[in-house]
Amino acid sequence: MENMLKIILVCLSAVFGCQYGMAEIEWLTTDYDFGVMKEVEGPQTGSVLLVNHGSEPTYISRVRPSCGCTGAAYTEELIMPGDTAKISFTYNPLGRPGRFEKTVKVYMGEESDLTTIHIRGTVIGTPATLDTDFPIVAGVLRMSADHVDFGKVRQGSGRHSYIKLYNTSDTPIVPQVSGGGAGLELELATPAIGPGDVGTFSIYLNTTALPELGEVSYDYTVRPSADSSESVLLKVTADVTPDLSSVSGSDLNNVPSIRIVPATVELGEISGDKKDVRWQFEIANEGARRLNVVRVASGSPAMKVKRQPQSVKPGKRARVEGVLKNALLPDGPFRLYIEIVTDDPLHPVVKVPVAGVKK
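Residues numbered from 1 in each chain as written. Predicted model: local features only at pLDDT ≥ 70, side-chain atom pairs only at ≥ 80, totals over all residues. Heavy atoms only, no water.

**Student:** I keep staring at the nonpolar core and nothing clicks. Help me out?
**Tutor:** One broad trend across soluble globular proteins is that nonpolar side chains are buried collectively. Counting 29 residues, the largest nonpolar core has Met143, Phe150, Ile163, Leu165, Leu184 and Ile203 as its most contacted members. In terms of residue count, the dominant contributor to this core is strand β17 (residues 232-241) (five residues). For phenylalanine 150, the residues in contact, after removing those within four places along its chain, are Arg159, His160, Ser161, Leu184, Ile203, Leu205, Val236, Thr237 and Ala238. (Core = buried A, V, L, I, M, F, W, Y, C linked by side-chain atoms within 4.5 Å. Buried < 20%, exposed > 50% of the residue type's maximum accessible area, 1.4 Å probe, protein only. Helix = DSSP H or I, 4+ residues; strand = E, 2+ residues; numbered from the N terminus. Contact = heavy atoms within 4.5 Å.)

So, in structure tokens, the structure goes:
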């Protein structure tokens with residue numbers, strides 16, 4: 001109704017009918033840079049101006065910011081020939097540290113001619129926000145996390161993730177990364193991270209380049225810059241499983257099948273002065289074909305595998321033996337794991353718990 005009244009007034013102001021086309025709008029600018037603002041100072045407001053150089057009045061029909069973090073207000077009266085109008089916009093930096101770029105769309109007159117205003121700036125986050133969003137600290141560099149776990153990933157497929165970064169210094173930084181391994185790509189999404197700005201580590205896992213199935217773990221050392229002595233350890237893990245998409249139901253009746261005997265190795269109480277503790281279990285093949293053992297290993301330095309089979313015939317068992325390095329265990333209860341990777345299509349990765357109490 002309000003816009004209809006404006007249209008009627010514009011038309012009545014013309015001598016011969018509606019002459020909206022005679023309005024000539026000049027925008028003094030369509031870009032606005034807030035510069036650096038502090039989150040703690042709350043919402044900040046900017047504005048741009050336009051001038052009607054035409055011979056007829058016009059009006060602003062509506063204004064649409066690009067997101068809920070930006071509010072807008074505008075001159076609602078008719079903009080007469082020679083008059084100036086203002087569009088104001090307010091950006092709320094709460095919980096949004098780093099650089100931002102937003103738009104405000106302005107529609108003019110009966111025909112809703114569109115002009116887009118671009119606004120930008122950089123928000124310096126409060127300590128509370130940075131502690132929540134970027135809890136990992138390496139000097140002037142802060143990170144959203146120090147561990148990326150891809151979980152179960154089918155062999156032959158890829159998986160992508162990312163970690164957000166924040167520069168707390170007053171100069172640009174180029175974070176440096178070392179480490180990693182085959183099948184994993186990590187790169188900085190932008191050439192540098194400006195002061196108070198947010199960057200991104202892009203992480204891609206390519207399982208076709210991995211040497212083996214089962215759990216994989218890679219460590220990266222991250223530094224804010226090449227000459228920085230500050231660093232943080234970034235860990236990337238995944239559990240790579242076989243691709244069974246081409247295996248039919250009938251094929252699964254003619255495959256190896258693993259079973260661990262016993263399912264858990266219970267060592268009971270262990271005296272603190274004992275050097276090594278031996279443990280063992282058996283791998284049973286309850287399937288119709290030979291079971292090939294790809295790997296038997298533990299991620300714990302306290303667990304050492306001394307003996308393992310290369311394969312197990314159908315209906316047979318084979319023993320796995322090892323030692324527990326008592327000196328590497330903390331006092332109290334413990335529960336470590338031995339990982340077994342085989343060509344059993346239904347259970348390619350099996351974890352065997354080894355539990356006890358160090359006195």
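Back to the write-up after that little detour.
**Student:** Quick question: what am I supposed to make of the state of the cysteines here?
**Tutor:** A covalent bond between the sulfur atoms of two cysteines is what we call a disulfide. Overall, the coordinates contain one disulfide when judged by the stated rule. What pairs with cysteine 67 in a disulfide is cysteine 69, and their sulfur atoms sit 2.3 Å apart. (Disulfide = S-S within 2.5 Å.)

**Student:** Before we go on, may I ask you to explain unusual backbone geometry in this structure?
**Tutor:** Negative phi characterises most residues that are not glycine, and trans characterises most peptide bonds. In this structure, the amide linkage connecting valine 261 to the following residue, proline 262, adopts the cis form with an omega of -10 degrees. Checked against the element boundaries, proline 262 lands in the loop between β18 (258-261) and β19 (265-270). One non-glycine residue, serine 112, lies in positive phi territory at about 55 degrees. Tracing the backbone through its elements, the reader meets serine 112 in the loop between β7 (98-108) and β8 (113-124).

**Student:** Explain the sheet that holds β8 here, please?
**Tutor:** The strands making up a sheet associate through backbone hydrogen bonding, with each pair oriented either parallel or antiparallel. Spatially, four strands are ordered β2-β8-β7-β4 in an open sheet, and the strand pairing comes out mixed. Of all the strands in the sheet, the pair left with one neighbour each is β2 (31-38) and β4 (60-65). Ignoring strand direction, the axes of neighbouring strands in this sheet form an average angle of 20 degrees. As judged from the eleven bridges shared by β7 and β8, these two strands associate in the antiparallel manner. In the sheet register, methionine 108 faces β8, and the bridge partner there is aspartate 113. (Pairing = 2+ DSSP bridges. Axes fitted to C-alpha atoms, helices over the stretch in contact; angles between N-to-C directions.)

These values are about where atoms sit, not about what they do.
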